[in-house]
Amino acid sequence: MHNVWAMKMEQFTRFTPEERGRLDMLVAARQRHHDARDDIIAQGAHSDHCHVLLSGFACRYALLPDGQRQIMAFLVPGDLCDAEIFVLDRMDHAIGALVPSVTAMIPASAMRVLLREVSAVSEALWWGTMTDLAVLRERIVDHGRRTADERVAHLLYEMLVRHRIVAETRGDTFDFPITQTDLADATGLTPSHVNRVLRRLRDEGIIVWHSRVLTVVDPAQLKQLGQFNADYLHLQRTESGDPAVLARAGDLIAPHHLDHLSMDFGPTNRPVRRIVS
């Protein structure tokens, strides 16, 4: 069984056959299909189930009173959408399917057992929650310090990495079925500004985005442009060179000892990365 939820959490730990079988049963027991632009769970709603995205593409978003939308994070297969819902009375944001998607519905009672026990699975679930929070923090960095080109490049490279670790790519090509408006709502830019950035990336031979499919032609250049550092994704086993997971995205991720960088400030007061030996 191609269990993308387990494949994501395997970046943190190696599961025993029994633990893997337990996760397989949870995602197979009850699944739900969502149409494009439907809410998987609405802002202000409560649910007795947590949702794991198995296929498709979704996002965390909030609507402002004037109807404007802010996308806080994109969700790819393997992501647990709403681990907090069985603790909180209601969702403080929405999870929306951007394309037809399938989720596994994990009963809240089962999630409580998993999170309260002492096991590799419970530790991996906490790791996943901490990683999701780190992705949200990275969006704060985006909006506070990155230029438009850097924001878009960073997000596209992140999407490549996150799709690769759950084997949802064909080389450096993956389904990216969103609109430029979606990308604008995620980066804090206007759709026309996003269009100009994407055009530059295409003209420079860095990406090809056609018919809802994105190919990263030059990953190294995209990574450099986005000033991408994978630390916030906490891909421990890939960073350590574990052969069981290394083939998925190891070529995209620098070894851990090279990912620790300090900053010097050049004459323009823009930070310049310096590897700490």
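The sections below set out a description of the structure shown in this document. Note that the structure is a prediction, hence the values are computed from the model and not measured.

Here's the deal with the sheet that holds strand 6 (residues 94–97)
With antiparallel pairing, the 4 strands of this open sheet are ordered in space as 2-6-4-5. Edge strands, defined here as strands with exactly one partner in the open sheet, are strand 2 (39–41) and strand 5 (69–75). Across this sheet, the average inter-strand angle for adjacent strands is 35°, counted without regard to direction. In this fold helix 4 (residues 120–145) packs onto strand 4 (58–63) and strand 5, with an angle of close to 135° to the strand it touches most, strand 5.

Observations regarding the nonpolar core
Ranked by internal contacts, the top residues of the largest apolar core, which has 82 residues, are W5 and F74. Here this core takes 9 residues from helix 5 (residues 148–164), the largest share from any one element. Beyond its immediate stretch of four places on either side in the chain, W5 contacts L23, L26, V27, V52, G78, L80, I106 and L125.

Observations regarding the packing of aromatic side chains
For the coordinates displayed, the defined rule picks out 8 aromatic pairs. Measuring from centroid to centroid gives 5.6 Å for F57 and F176, while their planes differ by 80°, and the two rings are edge-to-face. With F57 in the loop between strand 3 (49–55) and strand 4 and F176 in the loop between strand 8 (173–175) and helix 6 (180–187), this pair connects stretches of sequence that are 119 residues apart. Taking 5.2 Å as the distance between ring centres and 45° as the angle between the ring planes, the aromatic pair formed by F176 and W209 counts as tilted. In this pair, F176 sits in the loop between strand 8 and helix 6 while W209 sits in strand 9 (residues 207–210), placing the two residues 33 residues apart along the sequence.

A look at the pattern of salt bridges
Close approach of charged atoms allows side chains with opposite charge to pair. A full pass over the atoms with the stated rule returns 22 salt bridges. Ionic pairing is found between D242 and R14, a salt bridge with its closest N-O pair at 3.4 Å. Residue D242 is located in the loop between helix 9 (236–239) and helix 10 (243–249), and its partner R14 is located in the loop between helix 1 (4–9) and helix 2 (17–29); the two are separated by 228 residues in the primary sequence. One salt-bridge network, held together by shared partners, links K8, R60, D79, D132, E138, R139, D142, R146, E158 and R162.

About the criteria used
- Residues numbered from 1 in each chain as written.
- Predicted model: local features only at pLDDT ≥ 70, side-chain atom pairs only at ≥ 80, totals over all residues.
- Heavy atoms only, no water.
- Pairing = 2+ DSSP bridges.
- Helix = DSSP H or I, 4+ residues; strand = E, 2+ residues; numbered from the N terminus.
- Axes fitted to C-alpha atoms, helices over the stretch in contact; angles between N-to-C directions.
- Contact = heavy atoms within 4.5 Å.
- Core = buried A, V, L, I, M, F, W, Y, C linked by side-chain atoms within 4.5 Å.
- Buried < 20%, exposed > 50% of the residue type's maximum accessible area, 1.4 Å probe, protein only.
- Phe/Tyr/Trp six-rings, centres within 6.5 Å; stacked < 30°, edge-to-face > 60°.
- Salt bridge = Lys/Arg side-chain N within 4 Å of Asp/Glu carboxyl O.

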